[in-house]
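Secondary and tertiary structure notes
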Amino acid sequence: MASTPSLPRHALVVGATGIAGSAVRDRLIAEGWPVTTLSRSVGMPVPGTRHIQADLRSAVDLERALRDEHPTHVFFTAWSRQNSEAANIEVNAGMLRDLLAALKHTPVEHVALMTGLKHYLGPFEAYAAGKMADTPFHEEEPRLPVNNFYYAQEDELWAAAARQGFAWSVHRAHTVVGHAVGNAMNMGLTLAVQATISREFDRPFIFPGSETQWNGVTDMTDAGLLAEQMVWAGTTPGVENQAYNIVNGDVFRWRSLWPRIAAYFGVEPEGYIGEPRPLEVQMAGAAEEWQAIALRYDLVEPDSTRLASWWHTDGDLGRNIEVITDMSKSREAGFLAYRRTERAFMELFNRLRAERLIPAATAQSTRP
């Protein structure tokens, strides 16, 4: 009996307006893939894509939206922040489960799921609170004995793969540096807004985090590199059905990088002094200040809450633990791509200036 021929590749990107999803979308377009994106919003037209509007939290709406769709590869990067980990599990695992169930009519070949280092650190409400594995984190470390929506998502992914016969991959990123507006976890844009306000109102650029993060060694993930790994895992024979860490490949100390970011924006850096100084406190008046800056420079987004996620950057930089990630597994499997973290930040800042999300040039202070 002749085998059924494979369908031409067609990608479905879920969460394509976020940092990771937009990078995956852009990489697929650059490689010539037909790309369909899915979100609850209408979505801005993106050349090279077709958009589907559907509510990820509604199984009925997903069934309606996807009944005539036939993607060969699914890239799932969406998440919805909830007030408790129990709710995170219910909502985020449910979104993945219902989306994959809505595709049971078509022979999907591969599903790539983005998660992160909370796999090793624990969820926000129990963040770094219990015994964790030694760094650098390796993919084979056992799960922590806590509820974690990343674990629930993996379980849903594996169950659907067993039922529907597709291959899968899981991609555990550290803090992602990338371009997205309206994203809940966006350190690069958050620091750009902080630095711009510091410059415009003649204030120091104050590191908000802990002494451990200021002095210790850490790593990060460029969104483009994450996208490259997700596409690699979905298209390279023999590397499927695995979880992979994904970080840039370099390590750095914030005490060295912070002054370089400050120099880019023309502000005076101020490091850790005695205790953390969270951005949620530092930037209490940021909404009104950003509106004034946006008006002065004719920026495209006057709402600072769509640009900066103070809470997320506080959580990331406020940790009192070392966080370093091992990349040996994917390197041994043949994924050798690399990014320099400082360059990732600077390229992002250049793009934000070009798109008029932050001012394009250093200006005089607006302080009276």
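Report on the accompanying structure. (Residues numbered from 1 in each chain as written. Predicted model: local features only at pLDDT ≥ 70, side-chain atom pairs only at ≥ 80, totals over all residues. Heavy atoms only, no water.)

1. What about the overall build of the protein?
This is how it is decided: Each helix corresponds to a stretch of at least 4 residues labelled H or I by DSSP, and each strand to a stretch of at least 2 residues labelled E; elements are numbered beginning at the N terminus. Note on contacts: a residue pair is in contact if any heavy atoms of the two residues lie within 4.5 Å. Calculation of accessible area relied on Shrake-Rupley with a 1.4 Å probe; when residues are assessed, cover is drawn exclusively from the protein chains displayed.
Looking only at helices and strands, the protein features 14 helices and 13 strands. A principal-axis box enclosing the C-alpha atoms of the protein has dimensions of 80 × 45 × 35 Å. Counting contacts in the protein only where the partners sit at least 6 residues apart, residues at least 24 apart contribute 78% of the total. Carbon together with sulfur atoms contributes 51% to the accessible area of the protein, which is approximately 16100 Å² in total.

2. Thoughts on the nonpolar core
The test is simple: Side-chain atoms within 4.5 Å link the members of a nonpolar core, which is a set of buried Ala, Val, Leu, Ile, Met, Phe, Trp, Tyr and Cys residues. Burial here depends on accessible area, computed with a 1.4 Å probe over protein chains only, as a share of the maximum for the residue type. Under 20% is buried, over 50% is exposed, and the range in between is partly exposed.
Judged by nonpolar contacts, the single largest core of 42 residues is most densely connected at Trp254, Ile261, Phe265, Trp290, Phe345 and Phe349. Secondary structure elements with two or more residues in this core: α6 (187-200), α9 (254-265), α11 (286-297), α12 (310-317) and α14 (341-354). Setting aside its immediate chain neighbours within four residues, Ile261 contacts Leu191, Phe205, Trp254, Phe345, Met346 and Phe349. Residues Val13, Ala20, Trp33 and Tyr244 belong to the second largest nonpolar core, which totals 31 residues.

3. Section: the sheet that holds strand β6 (residues 167-173)
The criterion, for reference: DSSP-based pairing: two strands are paired if at least 2 bridges between them are found. Here, axes are lines fitted to C-alpha atoms. For helices the fit covers the stretch in contact, and angles between N-to-C directions go from 0 to 180 degrees.
The strand order β3-β2-β1-β4-β5-β6-β11 describes an open sheet built from seven strands, whose pairing is parallel. In the strand order of this sheet, the two ends are held by β3 (49-53) and β11 (242-246), each with one partner. Each adjacent strand pair in this sheet contributes to an overall mean axis angle of 20°, direction not counted. Direction of pairing for strand β1 (residues 11-14) relative to strand β4 (residues 73-76): parallel, over a ladder of four bridges.

4. With respect to α9
Where we set the bar: Helix span, expected: 1.5 Å multiplied by one less than the number of residues in the helix. Here the arc refers to the set of directions running from the helix axis out to each C-beta atom.
Its 12 residues give α9 an end-to-end C-alpha distance of 16 Å, which sits within 8% of 16 Å, the value for a rise of 1.5 Å per residue. Those residues of α9 not exposed but buried are Trp254, Leu257, Trp258, Ile261, Ala262, Tyr264 and Phe265. The buried residues of α9 occupy an angular sector of 155° when the element is viewed end-on, so they sit on one face. Following α9 by one or two positions, Gly266 has its phi on the positive side, about 70°.

5. Let's talk about α6
Under the 1.5 Å per step criterion, the end-to-end length of α6 is 20 Å for 14 residues, consistent within 8% with the ideal 20 Å. With 14 of 14 residues buried, α6 is to be regarded as a mostly interior element.

6. Details of the pairing of strand β5 (residues 110-116)
As a reminder, the rule being used: Clockwise travel from the first strand over the helix to the second, with the strands pointing away from the viewer, marks a crossover as right-handed.
Counting buried residues along β5, seven of its seven residues qualify, which places the element largely inside the surrounding structure. The two faces of β5 match: His110, Ala112, Met114 and Gly116 on one face and Val111, Leu113 and Thr115 on the other face are all buried. Bridge analysis of β4 against β5 gives four bridges, and the strand direction is parallel. The residue bridging Phe76 from the neighbouring strand is Leu113, located in β5. Assessed by its sense of winding, the connection that carries the chain from β4 through helix α3 (residues 85-101) to β5 is right-handed. Two elements, β5 and β6, share seven bridges in a ladder whose sense is parallel. In the sheet register, His110 faces β6, and the bridge partner there is Ala167.

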